[in-house]
Amino acid sequence: DAKTTQPPSMDCAEGRAANLPCNHSTISGNEYVYWYRQIHSQGPQYIIHGLKNNETNEMASLIITEDRKSSTLILPHATLRDTAVYYCIVRVNDMRFGAGTRLTVKP
Amino acid sequence: SAVISQKPSRDICQRGTSLTIQCQVDSQVTMMFWYRQQPGQSLTLIATANQGSEATYESGFVIDKFPISRPNLTFSTLTVSNMSPEDSSIYLCSVEASTGFEKLFFGSGTQLSVL
């Protein structure tokens, strides 16, 4: 069973920041938060992950609250190619995907 | 990173037949997984493919229906047996590569349609 809750869908204007929230209130101290995305007809793609600290890479930033019960994935300048389903996963032993958030980036 | 080749990319099969899906990785990996994605749904973990031993199946998936082989650290197969239209899904192979931290790489999937 997925341990995360995400909104089913979100829209974002092209060029603006996309902020995707995720609730994981039952997360344990040694569990990482991973984000993947799935563009239509492709396999999921790794974006970023974190444990306690905020993380940033070339794709996105991950903000994790101090109590670790929620996080936000930030795409700083969304493009049309960022339209995808975004999955927030709390890693136990294996990756279990929830329903995800369908992000639509609009011109 | 790990490059995954999955074959076939798609197939249309008749009810009652079986299809074997192959997953080849370009490097040795410890963990290999098989997922199913039904139309319009998220991914569901079928099993962990264990090298040299029987696969570990998730609840709702059984070896008779989804036999899995993993003869070495770079290759695995998933067979969908005695297919019915309800088996129409995308089947995805995934591997975990240690790059200082664990993350999953996915193949492009096999689109299976059962008539």
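Residues numbered from 1 in each chain as written. Chains lettered and ligands numbered in written order. Predicted model: local features only at pLDDT ≥ 70, side-chain atom pairs only at ≥ 80, totals over all residues. Heavy atoms only, no water.

Caption draft 1: Seen up close, the packing of aromatic side chains. According to the stated counting rule, one finds 12 aromatic pairs over all chains in the structure shown. Taking the centre distance of 6.5 Å and the plane angle of 55° together, the rings of Tyr32 of chain A and Tyr34 of chain A count as tilted. Among the residues examined, Tyr34 of chain A registers a relative accessible area of 2% and is labelled buried. Plain terms: the ring middles of Phe66 of chain B and Tyr91 of chain B are 6.5 Å apart, the flat faces sit at 45° to each other, and that makes the pair tilted. Pair noted here: Phe66 of chain B is in the loop between β6 (56-57) and β7 (68-72) and Tyr91 of chain B is in strand β9 (residues 89-98), with a separation of 25 residues, a long-range link. Pairwise contacts between aromatic rings join Tyr32, Tyr34, Tyr36, Tyr46, Tyr87 and Phe97 of chain A together with Tyr35 and Phe106 of chain B into one cluster. (Phe/Tyr/Trp six-rings, centres within 6.5 Å; stacked < 30°, edge-to-face > 60°. Buried < 20%, exposed > 50% of the residue type's maximum accessible area, 1.4 Å probe, protein only. Helix = DSSP H or I, 4+ residues; strand = E, 2+ residues; numbered from the N terminus.)

Caption draft 2: Geometry of the sheet that holds strand β3 (residues 33-38) of chain A. Residue and element names in this part refer to chain A. Strand order in this open sheet of five strands is β1-β9-β8-β3-β4, and the pairing throughout is mixed. Because the sheet does not close on itself, it has two edges, and the strands there are β1 (9-13) and β4 (45-50). Across the sheet, the mean angle separating the axes of adjacent strands is 25° when strand polarity is ignored. As paired elements, strand β8 (residues 84-90) and strand β9 (residues 101-106) share three bridges and run antiparallel to each other. When the bridges of β9 are listed, Val85 appears paired with Arg102. (Pairing = 2+ DSSP bridges. Axes fitted to C-alpha atoms, helices over the stretch in contact; angles between N-to-C directions.)

Caption draft 3: Broad picture of the state of the cysteines. Inspection of every chain in the model, using the stated rule, returns two disulfides over all chains. Through a disulfide, Cys22 of chain A is tied to Cys88 of chain A; the S-S separation comes to 2.1 Å. In this structure, the disulfide formed by Cys22 of chain A and Cys88 of chain A twists by about -80° around the S-S bond and is classed as left-handed. With Cys22 of chain A in strand β2 (residues 18-23) and Cys88 of chain A in strand β8, the pair connects residues that are 66 residues apart, well separated along the chain. Residues Cys22 of chain A and Cys88 of chain A agree in their burial class; the two are buried. Free of any disulfide, Cys12 of chain A has its nearest cysteine sulfur in Cys22 of chain A, 18 Å distant. By relative accessible area, Cys12 of chain A is classed as buried at 9%. Among the cysteines around Cys13 of chain B, which has no disulfide bond, Cys23 of chain B carries the closest sulfur, lying 18 Å off. (Disulfide = S-S within 2.5 Å.)

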